[in-house]
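# Report on the structure
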Amino acid sequence: MTERTTDDRRVPRVWDIAPQPVGAPASAELLREYLTDVADRWHLLHDGRRCTAEEIDGYLAEDPSDDLAPPHGVLLVGRHGGEQGGCLGLRMLDGRTAELKRMYVRPAKRGLGGASALLTAAEAVARERGAERIVLDTRKDLVEAVALYLRHGFTHIPRYNEGPYTEVWLGKEL
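About the thresholds
Residues numbered from 1 in each chain as written. Predicted model: local features only at pLDDT ≥ 70, side-chain atom pairs only at ≥ 80, totals over all residues. Heavy atoms only, no water. Helix = DSSP H or I, 4+ residues; strand = E, 2+ residues; numbered from the N terminus. Phe/Tyr/Trp six-rings, centres within 6.5 Å; stacked < 30°, edge-to-face > 60°. Buried < 20%, exposed > 50% of the residue type's maximum accessible area, 1.4 Å probe, protein only. 1 Å grid on protein atoms, 1.4 Å probe; cavity = no way out; pocket = protein on both sides within 12 Å on 5 of 7 lines; lining within 4 Å. Points joined across faces, edges and corners; volume = space filled by probe spheres on them. Nonpolar A, V, L, I, M, F, W, Y, C, P; charged D, E, K, R; others polar. Core = buried A, V, L, I, M, F, W, Y, C linked by side-chain atoms within 4.5 Å. Contact = heavy atoms within 4.5 Å. Salt bridge = Lys/Arg side-chain N within 4 Å of Asp/Glu carboxyl O. Polar contact = N/O pair within 3.5 Å; in protein donor to acceptor, adjacent residues only side chain to side chain.

### Let's talk about unusual backbone geometry
The peptide bond linking Pro70 to Pro71 adopts the cis configuration, its omega dihedral lying at 10°. With respect to the element layout, Pro71 can be found in the loop between α2 (53-62) and β4 (73-80). The phi torsion at Arg102 lies on the positive side, around 60°, for a residue other than glycine. Tracing the sequence through the fold places Arg102 in strand β6 (residues 97-105).

Given below as structure tokens:
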């Protein structure tokens, strides 16, 4: 199945979602792009500037994605049209609660259903691991992300963690 884009190209609608090792070079590339995207948005909003490469390196060192590796986590990577297009991490907080981390779709792949496909796959993995609910934290300025989660049945929940950039907490019963 295909859909027409504004420049009259035909692109597949289907996303292939599969686990990928966090340490793989392609995973590291996506995770760095994710962090650059959200950090740039934060700094543009609060400081009127983008992040430097050194700042991104520091953020990656402060908050690595090691918790998205087995046995307690997984990094799901979405491919679209043969190209890596996005990622979403899932980690188990306890025996019944999974947490979503690091949702990202590359700008060129946005609007093609990748975020919904990644969310659907993450929910399936969470259920397979015995989770009864899924939670996440995000920021108020990431309005597109908040809207996406609300469209997928997430609701506002009480704060469940602390962090310098957490302003919104959402959850969904599986």
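### Quick look at the packing of aromatic side chains
Counted under the stated rule, the structure contains two aromatic pairs. Between the aromatic rings of Trp42 and Tyr165, the centroid separation amounts to 4.9 Å while the plane-to-plane angle is 80°, which identifies the pairing as edge-to-face. Of the two residues, Trp42 sits in helix α1 (residues 25-47) while Tyr165 sits in the loop between β8 (155-156) and β9 (168-173), which places them 123 residues apart along the sequence. With a relative accessible area of 17%, Trp42 lands in the buried category. Using a relative accessible area of 37% as the deciding quantity, one classes Tyr165 as partly exposed.

### Overview of the layout of surface pockets
Gaps left between atoms are located by rolling a probe of water-molecule size over the structure's atoms. Within this model, the largest pocket holds a volume of roughly 1200 Å³. Around the largest pocket, the lining is made up of 46 residues, and of these Tyr34, Val38, Met103, Thr138 and Leu142 lie nearest the centre. Sorting the residues of the lining of the largest pocket by element identifies α1, α2, β5 (83-92), β6, α3 (114-128), β7 (133-138) and α4 (143-151) as the ones contributing at least two each. Here the lining of the largest pocket gets nine residues from one element, more than from any other, and that element is α1. A class-by-class count of the residues in the lining of the largest pocket yields 22 nonpolar, nine polar and 15 charged.

### Here's the deal with the nonpolar core
Ranked by internal contacts, the top residues of the largest apolar core, which has 27 residues, are Leu90, Leu100, Met103, Leu119, Tyr149 and Phe154. If you list the elements that add at least two residues to this core, you get β4, β5, β6, α3, β7, α4 and β9. With seven residues, the top contributor of residues to this core is α3. Aside from chain neighbours lying at most four places away, what touches Phe154 is Leu100, Leu119, Glu123, Ile134, Leu136, Tyr149, Leu170, Gly171 and Lys172. By size, the runner-up hydrophobic cluster in this structure holds 16 residues, among which are Ile56, Val77, Tyr104 and Leu142.

### Examining the pattern of salt bridges
Under the counting rule described, the total for this entry stands at 18 salt bridges. Note that Glu29 is salt-bridged to Arg106, the shortest N-O span being 2.7 Å. With Glu29 in helix α1 and Arg106 in the loop between β6 and α3, this pair connects stretches of sequence that are 77 residues apart. Taking the shortest distance from any N to any O, the salt bridge between Glu83 and Lys109 comes out at 3.3 Å. Placement of Glu83 in strand β5 and of Lys109 in the loop between β6 and α3 is noted, with a sequence separation of 26 residues between them. For Lys109, a relative accessible area of 10% corresponds to the buried category. The structure contains a network of salt bridges with shared partners spanning Glu29, Glu33 and Arg106.

### A few points about the side chain of Asn161
Inspection of the secondary structure assignment puts Asn161 in the loop between β8 and β9. There is a polar contact of 2.7 Å between the side chain of Asn161 and the side chain of Asp137. Within the structure, the side chain of Asn161 is placed 2.7 Å from the side chain of Trp169, a separation counted as a polar contact. Those residues in contact with Asn161 that lie beyond four places of it in its chain are Glu99, Asp137, Thr166 and Trp169.

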